[in-house]
Amino acid sequence: MPNPPTHRPIQRLPEEVVGKIAAGEVVESPAAAIKELMENSIDAGATAITVETREGGIAYFRVADNGCGIPASDIRMAFERHATSKLRVADELFDVRSLGFRGEALASIAAVAKVTLTTRTVGEDRGIKAINAGGMLSPPTDAASPEGTTVVVQELFFNTPARLKFLKKPAAEGARVADMVLRLLLSRPDISFRLIQNGKQVYHSPGDGKLRSAMFGVYGREVTEQLCPVEYTDGGVRVEGFVGVGTAARGNRTHQSFFVNGRYVRSPILTLALEAACRERVSSGQFPICALRVNVPPASVDVNVHPNKLEVRFSDESLVQGVMEQAVRQALLPADTPADAVDAIKGMAGHAIQSAPQIVLKDPEPPQRLGEVVQDFFAFMPAKPAAPAAPARVRDSGQLPARPTAPVPQLAGYAQPAPAPFRVLGVAFQTYILVEQENKLLLIDQHAAHERLLYERLTRSLASGQGSQELLVAQVVSLDAADRERLRTFEDVVRDAGYDFDYFGQDAVQIRGVPVILGEPQAREGFLSMLDRLGELRLLSTKEKRREAIVQMACKRAVKAGDTLEPAEIEALFRDMQRGDGPPTCPHGRPLVVVLTRQELEKRFKRG
């Protein structure tokens, strides 16, 4: 039994303990501390901000700006808790126009680190230097300094070892710092930001005031050219920025950045609105990328939700969500006008409707395995056609493989034998292959079926040690700090999945070989998607991560719902299905075949 509680008198905590508790709310990592100092620099009117870190910021980081500086008379007060120049009365909390306002950042950092602050205000002929170690401030002294403020922080959490042990490895903390600098860089394209990690420059934005220029410096030319500009205003809410879908989409949400009145925030409302507007523009498992700025009246948003200031609340959430969704939808509207669509429909009048080719098949036993669904599917066909037609359009070897012998003939060129239980009726909605089997109608999902075949093919290739094919021309892929960290963490998994690559400089890799189901056009896209996906699978074993990587590659390479398949491609798909021995489901567990009996259909039509 536990010891009974003993009475202990209530007393005020020492300032040292209070400071460390407060620091735990504001300064949870080097990235959080750097964010607070950078926001102070922005509020000080800086046009250039430099961030330098060593060992992920745990051992050392420096934030330097060319802002207005801190007067000598305010140095001591700057290190006091809840001391700020940005608020005077409580009512101003509901009309915050600065990034910082709580007056906790510098005091919280100084409570758990060794801080050196050097500053000079505009017009002064000398600067001031102050040192604060663990909350103990030494008397300020004169020092040489450019206009602006420089804060150097060393040995973060040196006096709180319990918190220090919960930090991640330096590389991971460095990636978090890079991500935070990236967000602030995108939030203020009018400021020139520079990030230096372990002596190497990671980011440098021009500060020309153009968001596209800032995104170019982060994502490169290839991605930036695919971005759609967003500009929309309604109900006092303005949304502007860029959004990327299609091949620019990524495998997680880490490349989505939202800014409310210039402040980087994490908002489920804005995320839901963005993805609702992009739902038909990205593949399953993919997410749009964006840098979107939302401007609302300051009084209509509450930024005092959490000390880290990453969460906000809107007074009219439905309005903000609706405007965000409409803004993105409008930016992604197709070039066709409604009038063009009407003309296209009218143009269909008078054209004959072509009947789907009928393929007669032998009646198999009730299917138990995927191969049995199409057993003897093409048994009626001759080994070699009497008069081969011109080769049909067949996709490359990573998609629907053609027959290994003679050219694949067009299905319509075969004479129809006497009616038999099986026949292909056609393809519904460019997604479901319809097959009639006596008293049953089979609907086969073309994407799911192809995905299963590609998954089995790649799995067999990797198991036999032949899962990679060499590219004729190696591809260089640029990586940001987060991608580089994920690659080093999961390097063995990526190589086991069939990628052959070398590190190329400090921020890129050179891909020399790809999994056999991909090919040069999808080398970059598949590589980045795998990194994104692996970053979300932290709790799975290495074997399970490898399987998930293979599943994702098969899914991305498989034909999609909406892809038009020619008869020769349908034939190639069914031939491979005939040889397949896996379960009649895709690797995600979705069924490949849905069976509707004649009895069910007649019941729907009330025929009996």
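For the structure itself, look to the data block above.
Presented here is an overview of the structure given in this document.

Calculation notes
- Residues numbered from 1 in each chain as written.
- Predicted model: local features only at pLDDT ≥ 70, side-chain atom pairs only at ≥ 80, totals over all residues.
- Heavy atoms only, no water.
- Core = buried A, V, L, I, M, F, W, Y, C linked by side-chain atoms within 4.5 Å.
- Buried < 20%, exposed > 50% of the residue type's maximum accessible area, 1.4 Å probe, protein only.
- Helix = DSSP H or I, 4+ residues; strand = E, 2+ residues; numbered from the N terminus.
- Contact = heavy atoms within 4.5 Å.
- Salt bridge = Lys/Arg side-chain N within 4 Å of Asp/Glu carboxyl O.
- Pairing = 2+ DSSP bridges.
- Axes fitted to C-alpha atoms, helices over the stretch in contact; angles between N-to-C directions.
- Parallel < 35°, antiparallel > 145°, perpendicular 65-115°, else oblique.
- Left-handed = near helix turned anticlockwise from the far one by under 90°.
- Nonpolar A, V, L, I, M, F, W, Y, C, P; charged D, E, K, R; others polar.
- Phe/Tyr/Trp six-rings, centres within 6.5 Å; stacked < 30°, edge-to-face > 60°.
- Lys NZ or Arg CZ within 6 Å of the ring centre and 35° of its normal.

Our next topic: the nonpolar core. Counting residues in hydrophobic clusters, the biggest one holds 57 residues, and the most contacted among them are Val153 and Leu186. Among the elements that line this core, the one with the most residues is helix H6 (residues 170-187), at 8 residues. Look past the residues within four positions of Leu186 in its chain and what remains in contact with it is Leu211, Ala214, Met215, Val218, Ser257, Phe259 and Ala291. Val243, Phe258, Val260 and Val265 belong to the second-largest nonpolar core, a separate cluster that totals 30 residues.

The residue Glu155 is not glycine, and still its phi comes out positive at about 55 degrees. Within the secondary structure, Glu155 is located in the loop between strand E7 (148-154) and helix H5 (161-164). We classify Glu155 as partly exposed; its relative accessible area is 39%.

It is worth spelling out the pattern of salt bridges at this point. Enumeration over the complete set of coordinates arrives at 22 salt bridges. A salt bridge links Arg62 to Glu52; its shortest N-O distance comes to 3.0 Å. With Arg62 in strand E2 (residues 60-65) and Glu52 in strand E1 (residues 48-54), this pair connects stretches of sequence that are 10 residues apart. For Glu52, a relative accessible area of 16% puts it in the buried group. The partner of Asp179 in a salt bridge is Arg183, with the nearest N and O atoms 3.0 Å apart. Remark: Arg183 and Asp179 occur in helix H6; sequence separation between them is 4 residues, near one turn of the helix. Ionic contacts of the salt-bridge type, sharing partners, join the residues Arg250, Asp483, Arg486 and Asp532 into one network.

As a further point, take the environment of Glu36. Topologically, Glu36 is positioned in helix H2 (residues 30-43). In the structure, Glu36 is positioned 70 residues away from Leu106 in sequence and 8.1 Å away in space, judged by C-alpha atoms.

Attention now moves to the sheet that holds strand E13 (residues 263-265). Sheet strands pair by backbone hydrogen bonding; their relative direction is either parallel or antiparallel. In space, the 5 strands of this open sheet follow the order E10-E11-E14-E12-E13, with mixed pairing throughout. One side of each edge strand has no neighbouring strand; the edge strands of this open sheet are strand E10 (228-234) and E13. With direction set aside, neighbouring strand axes in the sheet form an average angle of 20 degrees. Summarising the sheet, strand E11 (residues 237-244) and strand E14 (residues 289-295) pair through 7 bridges and their orientation is antiparallel. Bridged to Phe242 within E14 is Ala291. Its contacts with the sheet place helix H8 (residues 268-277) against E11, strand E12 (256-260) and E14, and it is angled at close to 125 degrees to E12. Each of E10, E11, E12 and E14 touches helix H9 (residues 317-331); the most contacted strand, E10, lies at about 140 degrees to it.

The next subject is the packing of H2 against H6. One way to put it is that H2 packs onto H6 with a least axis distance of 8 Å and a crossing angle of 25 degrees. Overall, the two elements H2 and H6 adopt an arrangement that is roughly parallel. As H2 runs across H6, the sense of the crossing is right-handed. When H2 is examined against H6, the residues Pro30, Ala31, Ile34, Lys35 and Met38 are found in contact with a partner set consisting of Glu173, Arg176, Val177, Met180, Val181 and Leu184. Of the residues belonging to the contact of H2 with H6, the class tally is 8 nonpolar, no polar and 3 charged.

Under the counting rule described, the total for this entry stands at 4 aromatic pairs. Pairing Phe259 with Tyr264 gives two aromatic rings, centres 6.1 Å apart and planes at 55 degrees, and the pair type is tilted. Residue Phe259 is classed as buried on the basis of its relative accessible area, which comes to 1%. On the basis of an interplanar angle of 80 degrees and a centroid distance of 5.9 Å, the ring pair of Phe501 and Tyr503 is categorised as edge-to-face. Judged by its relative accessible area of 0%, Phe501 is buried. One aromatic cluster in this structure is built from Tyr499, Phe501, Tyr503 and Phe527. A cation over a ring is seen here: Arg488 above Tyr503, with NZ or CZ 4.4 Å from the ring centre.

Their axes nearest at 8 Å, the elements H6 and helix H13 (residues 481-489) cross at an angle of 155 degrees. Put simply, H6 runs roughly antiparallel to H13. Here H6 and H13 pass one another in a crossing that is left-handed. The segment H6 lies against H13, with Ala171, Ala172, Ala175 and Ala178 engaging Ala481, Ala482 and Glu485. For the contact of H6 with H13, the class distribution of residues is 6 nonpolar, no polar and 1 charged.

The next thing to look at is the pairing of E1. The pairing of E1 with strand E8 (residues 192-197) spans 6 bridges and is classified as parallel. The partner of Thr53 across the bridge, within E8, is Gln197. Pairing of E1 with E2, which is carried by 6 bridges, proceeds in the antiparallel orientation. Among the inter-strand pairings, Glu52 is bridged to a residue of E2, identified as Arg62.

Any functional reading would require information that these geometric values do not contain.
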